[in-house]
Amino acid sequence: MPQKKKPVVVVTRRLPDVIETRMMELFDARLNTDDHPMSQNELIEAVRTADVLVPTVTDRVDSAVLAQAGDNLRLIASFGTGVDHIDLKTARQRGITVTNTPGVLTEDTADMTLALILATSRRLVEGERLVRAGDWGGWSPTHMLGHRLWGKRLGIVGMGRIGQAVARRARGFGLSVHYHNRRTVAEEIEDELEATYWDSLDQMLARMDIVSINCPHTPATFHLLNARRLKLLQPHCTIVNTSRGEVIDENAMTRMLERGELAGAGLDVFENEPAVSPKLLKLDNVVLLPHMGSATIEGRIAMGEKVIINCKTFVDGHTPPDRVLETMF
């Protein structure tokens, strides 16, 4: 009996070796060996030939790309949690299932959020640059003063898995946890985290010392922190964003940072990444990271394992465990 043909799986970026090796064993995997970001034309060629596309969060799988998809493309198994880079409506209309990799990045992203809170509040990166430049003249009582975390109010925008993980860490640093979400979390979780719910985002923002963005980017959250809402923040407040850059009006935030209307910002994501505003690059009160909140070996392997499970489950004729529905985002 002839062996069943393996499905063609096109992977848009380099993945951990152990994941690529397993994909080669299970599928007819087409790998991106030099790890270059695929152009739109390359993505179009990929969807024309693939049974399964495995993109990452930097690949724009929009309606223009999906319009060129071949009849064989039935699954987009995204390597990442966010799906704002995929046109879910068009995918549904064309009968293409979309999956993601939820849950596995929670702890890593929460760790990075706390790192940025510490770095901005205690001016860690600014101090490190000072030492490297040879400009440190020794200790003095008023030099490089930051703010202690203990007793400060942390406002979390988006209390999903990551927001809750941030809150658990924040309690260990003595922060008072506040949050805004589409709905309240379960009462037992609120009690565990000693978290205060704010139905009004405006009212919460006006009272916080630190604001952490942990909600997904959707049409409803684009510029959720717009110029008007940013003006509600107190001058001593700092903003940390490990979610998506589009949730904040970056230009408005930058102007406030320049004028001293905000104390600082810790940003792992940007509105037009990988481009970063030249104005942000000039500011000493901003910590800038290259979208590395989930960048751990353990996290990347776990993401890849989820992709493989979603692909294998789907090609075997079953509903993949991490299927994304439009109503989820």
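Residues numbered from 1 in each chain as written. Predicted model: local features only at pLDDT ≥ 70, side-chain atom pairs only at ≥ 80, totals over all residues. Heavy atoms only, no water.

As annotated in an unreviewed UniProt entry, the protein carries the name D-glycerate dehydrogenase and is attributed to Rhodovibrio salinarum. As recorded by UniProt, the Sequence similarities (unreviewed entry) comment attached to the protein reads in full: "Belongs to the D-isomer specific 2-hydroxyacid dehydrogenase family." (UniProt positions renumbered as here; feature names shortened; annotations may be inferred.)

## Regarding the overall build of the protein
In terms of regular secondary structure, the protein is built from 13 helices and 12 strands. For 329 residues, the compact-globule estimate of 2.2 N^0.38 gives 20 Å, and the protein sits close to it at 22 Å. In terms of principal-axis extent, the alpha carbons of the protein reach across some 80 × 50 × 35 Å. For the protein, buried positions account for 49% of its 329 residues. Considering only contacts within the protein whose residues lie at least 6 apart along the sequence, 59% involve residues at least 24 apart. Total accessible area on the protein stands at roughly 16,500 Å², and carbon and sulfur atoms take up 52% of it. The protein carries 39 positive and 43 negative side-chain charges, and their two centres are separated by 2 Å. (Helix = DSSP H or I, 4+ residues; strand = E, 2+ residues; numbered from the N terminus. Rg over C-alpha atoms; globule rule 2.2 N^0.38 Å. Buried < 20%, exposed > 50% of the residue type's maximum accessible area, 1.4 Å probe, protein only. Contact = heavy atoms within 4.5 Å. Areas by Shrake-Rupley, 256 points an atom, 1.4 Å probe, with all protein chains shown as cover. Lys, Arg positive; Asp, Glu negative; His and termini not counted. Charge placed at Lys NZ, Arg CZ, Asp CG, Glu CD.)

## Brief notes about the domain arrangement of the protein
When cut into domains, the protein gives domain 1 (8-104 + 296-328) and domain 2 (106-288). For domain 1 and domain 2, the distance between their C-alpha centroids amounts to 31 Å. Taken together, the 9 residues of domain 1 in the interface contact 6 residues of domain 2. Between domain 1 and domain 2 lies a buried interface of about 590 Å² when both sides are counted; carbon and sulfur atoms form 33% of it. Contact with domain 2 buries surface across domain 1, with Asp84, Gly103 and Thr296 losing the most and accounting together for 58% of the total. At the boundary of domain 1 with domain 2, the tally comes to 1 salt bridge. The residue Asp84 makes a salt bridge to Arg244 at a minimum N-O spacing of 3.6 Å. (Domains from an automatic or database assignment. Buried area = accessible area lost by both parts, 1.4 Å probe. Salt bridge = Lys/Arg side-chain N within 4 Å of Asp/Glu carboxyl O.)

## Let's talk about the UniProt feature "domain: D-isomer specific 2-hydroxyacid dehydrogenase NAD-binding" (unreviewed entry) in the protein
Here the UniProt feature "domain: D-isomer specific 2-hydroxyacid dehydrogenase NAD-binding" (unreviewed entry) sits at residues 114-293. Between the C-alpha atoms that bound residues 114-293 there is a distance of 11 Å. The span itself is 33% helix and 15% strand.

## Focus: the sheet that holds strand β12 (residues 286-288)
Read across the open sheet, the 7 strands follow the order β8-β7-β6-β9-β10-β11-β12; overall the sheet is parallel. The strands lining the two open edges of the sheet, one partner per strand, are β8 (196-197) and β12. In the sheet, strand β11 (residues 264-267) pairs with β12 via 3 bridges, with the strands oriented parallel. By the bridge assignment, Leu267 is partnered in β12 with Leu288. Sheet strands in contact with helix α11 (residues 250-258) are β10 (238-241), β11 and β12, and its direction is about 140° off that of β11. (Pairing = 2+ DSSP bridges. Axes fitted to C-alpha atoms, helices over the stretch in contact; angles between N-to-C directions.)

## As for the UniProt feature "domain: D-isomer specific 2-hydroxyacid dehydrogenase catalytic" (unreviewed entry) in the protein
Taking the numbering used here, the UniProt-annotated feature "domain: D-isomer specific 2-hydroxyacid dehydrogenase catalytic" (unreviewed entry) corresponds to residues 19-324. Between the end C-alpha atoms of residues 19-324 the distance is 22 Å, and the span holds 37% helix and 13% strand.

## Notes on the pattern of salt bridges
Applying the stated criterion to the full structure yields 19 salt bridges. Across the salt bridge formed by Glu192 and Arg168, the nearest N and O atoms sit 2.8 Å from each other. Here Glu192 is found in helix α8 (residues 187-193), whereas its partner Arg168 is found in helix α7 (residues 161-172), with 24 residues between them in sequence. With relative accessibility at 44%, the residue Glu192 sits in the partly exposed group.

## Digging into the packing of aromatic side chains
By convention here, two paired aromatic rings are described through the distance between centres and the angle between planes. Within this structure, the stated rule accounts for 1 aromatic pair. Look at Tyr179 and Tyr197: their rings are 5.2 Å apart centre to centre, the planes differ by 50°, and that puts the pair in the tilted class. In this pair, Tyr179 is assigned in strand β7 (residues 176-180) and Tyr197 in strand β8, connecting sequence segments 18 residues apart. (Phe/Tyr/Trp six-rings, centres within 6.5 Å; stacked < 30°, edge-to-face > 60°.)

## Here's the deal with the sheet that holds strand β5 (residues 97-99)
The strand order β2-β1-β3-β4-β5 describes an open sheet built from 5 strands, whose pairing is parallel. One side of each edge strand has no neighbouring strand; the edge strands of this open sheet are β2 (28-30) and β5. Averaged over all pairs of adjacent strands, the angle between strand axes in this sheet comes to 20°, irrespective of strand direction. As paired strands, strand β1 (residues 8-11) and strand β3 (residues 52-54) are joined by 3 bridges and run parallel to one another. Each bridged residue has a counterpart across the sheet, and for Val10 the counterpart in β3 is Leu53.

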